[in-house]
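Here is how the chains run, residue by residue.
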Amino acid sequence: MELTERFTFNPKEGIDNPAMVTADDTEAASKPSPRVCVLKKEEGETFGFRLRVERGQQGHIIRQLDSLGVAERSGLKDGDRLLEVNEMFVDNVEHMEVAHRIQVSGSHLCFLVLDKKAYEQAVSEGCDLRELAKASRGEGWRPPRLCHITRDAPCLGLNIQPVDGEKGKFTVSSVKGGAAERAGVKKGDRLIWIDGAMVSELTHSAISKMVKKSNSHMTMLVIDSDSEKSYARRKMPILPAMANAENMPYRPRRLHLVMGPEGYGFLLRQEKTGTGRSIHMVTEVDKGSPAELGRVKEGEMLLEVNGESTESLSHNQVVSKIRQSGQQVTLTTMPPQGQDFYTKLGLSPLLFCVDVTSGNPEEQKEIPVTPKPALPLFEPQEDVQINPNVRRCIVERGSAGFGFHLGCVQQKPGTFISQVAAGGPGEMSGLLQGDVVVEVNGQNVEKESVEDVILHVKREGDTLSVLVVDQKGYDWLKKNGKQITVNKLAPISEVEENVSCGAEPPALKAVDLSDDST
């Protein structure tokens, strides 16, 4: 038998035991620690993951990582919760808005994430996740700045010099009262990017030539030297998508319109640019119309309808999207000069959108990270009698699937059509974005989860019979205890003329029912 000597603690001698820590050390050790994951995809690559919001779970969840794909190589793991996208806090942002932000950010992304266990611990302890994310940047951090310099003299009013002993790094100083200073360039700023090129890949001579050859303007990404150290410590690139862009020109505007008795009061026309690209132009804004009050401007191009890009849509499809939106619609417009400007910079103009909150141009503000409130799904909106638009849609599977996405609202039963692919089988069958799904091939699915509805869809082969009703009509039928039946419908044409379908429901979970990966 082995005997162990009894230990007696001597306070004069003390003890060196790594298992013994102070209360402060324990608290620090247990504090959730977010991780930075940098994703960069090459042409033809995808990021290789899916972002989900799942019933009964909190946060935006990373799922289905491609083996050895961009996301997995960055350090992302299945179940991670997304806190920030390019330093924009997104934990409390609508799911579709987060996905939109990722899509317009280009080929380079910086994510701040917590693993499942750390996220759930932080939430259970009431931790302020925004402050947790902010703390990871350190004291004194300030975001980079995009400075658009307009030449008003023979020179731009700036001086660029290499940093001694640091290859690929440059400082920039502005001449007092010059164009660069007015654009926001400050003495001692570090130059990161110039007219679409990262300066770390350029020589001082090449940068000088770019400045001399610039015509009337130049755009620079700069940051103060202290903040640059924060990015170096976190091993993060400094990207234009992270920048304060207050003085960028041609910024798109997100406009919220409410239909009047005679419509919105503007016309659209599809035109081709000099490069052969089709764009949708706003024309003939009626005086005193909802469009004029909502700050719609003649001659601007339409980029989005309710957050959906119009780039690949025909004129008829864009008009249909606006009409399907019902009594209110959100349009994103931009001066046509902005297209060439942002294309040359290699940036999406939607990164720099401003949200117009009133008819007063002085009251414009930077776009909020959450979209405008949508009418709640499956709740009655008003007491007036309406003609519900109930339809049985027969959908034949195409080469890219059924051509629609399903969505749900967390903690609520029911499934709705969250997106319909333009020109796809879903649109051809009559499905509309926002429709509530009542039956799949004759089986009622109103009380089933979206996961169960997906299983019904996948079991049914290449043909689907889907009974749907517009959201407003569904709410009215449920409130008044009416049965949902196609037999009691008014003709669809009559319904479309007299009933607006209400605002788009909040797509808190999107499920892809096409064969395209996202």
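Thresholds, definitions, all that
Residues numbered from 1 in each chain as written. Predicted model: local features only at pLDDT ≥ 70, side-chain atom pairs only at ≥ 80, totals over all residues. Heavy atoms only, no water. Buried < 20%, exposed > 50% of the residue type's maximum accessible area, 1.4 Å probe, protein only. Helix = DSSP H or I, 4+ residues; strand = E, 2+ residues; numbered from the N terminus. Arc of directions from axis to C-beta. Contact = heavy atoms within 4.5 Å. Polar contact = N/O pair within 3.5 Å; in protein donor to acceptor, adjacent residues only side chain to side chain. Patch = residues over 30% accessible without salt bridge, like charges linked within 9 Å, V, L, I, M, F, W, Y side chains within 5 Å. Areas by Shrake-Rupley, 256 points an atom, 1.4 Å probe, with all protein chains shown as cover. Salt bridge = Lys/Arg side-chain N within 4 Å of Asp/Glu carboxyl O. Lys, Arg positive; Asp, Glu negative; His and termini not counted. Charge placed at Lys NZ, Arg CZ, Asp CG, Glu CD. Core = buried A, V, L, I, M, F, W, Y, C linked by side-chain atoms within 4.5 Å.

In the nomenclature of an unreviewed UniProt entry, the chain is known as PDZ domain containing 3b of Cyprinus carpio.

### Observations concerning helix α4 (residues 116-124)
Among all positions in α4, only A118, Y119 and A122 are buried. Take α4 and look down its axis: the buried residues cluster within an arc of 100°, on one side only. Looking at α4, the residues exposed on the side facing more than 90 degrees away from the buried face are K117 and S124. Each element contacted by the buried residues of α4 is listed here: β4 (81-85), β6 (108-114) and α5 (129-135). The backbone nitrogen of K117 lies 3.1 Å from a side-chain oxygen of the residue at the head of α4, namely D115. Following α4 by one or two positions, G126 adopts a phi angle in the positive range, close to 70°.

### Comments concerning a negative patch on the surface
Where like charges cluster on the molecular surface, the negative patch consists of E262, E284, D286, E292 and E298. On the accessibility criterion, E284 (51% relative accessible area) is exposed.

### Some points on the nonpolar core
Formed by 28 residues in total, the largest nonpolar core has its most connected members in L146, W193, L221, M248 and F352. Mapped by element, the contributors of at least two residues to this core are β10 (189-194), β12 (217-223), β15 (278-283), β16 (301-305) and α11 (337-345). Of the residues forming this core, the biggest block, three residues, is contributed by α11. Beyond its immediate chain neighbours, meaning those up to four positions away, M248 contacts L146, H148, T219, F341, Y342 and L345.

### A short note on the side chain of E448
Tracing the backbone shows E448 in the loop between β25 (443-444) and α13 (450-459). One polar contact links E448 to H456, side chain to side chain, over a distance of 2.8 Å. With sequence-adjacent residues up to four places away left out, E448 is seen in contact with G414, T415, Q443, V453 and H456.

### So, the pattern of salt bridges
The tally for this structure, following the rule as stated, stands at 22 salt bridges. Here R253 makes a salt bridge to E300, at a shortest N to O gap of 3.0 Å. In this pair, R253 sits in strand β13 (residues 253-258) while E300 sits in the loop between α9 (290-293) and β16, placing the two residues 47 residues apart along the sequence. Ionic pairing is found between K321 and E308, a salt bridge with its closest N-O pair at 3.4 Å.

### Here we look at the environment of R397
Along the polypeptide, R397 turns up in the loop between β21 (390-396) and β22 (401-408). We classify R397 as partly exposed; its relative accessible area is 33%. A sequence separation of 29 residues divides R397 from G426, and the C-alpha atoms of the two residues are 8.7 Å apart.

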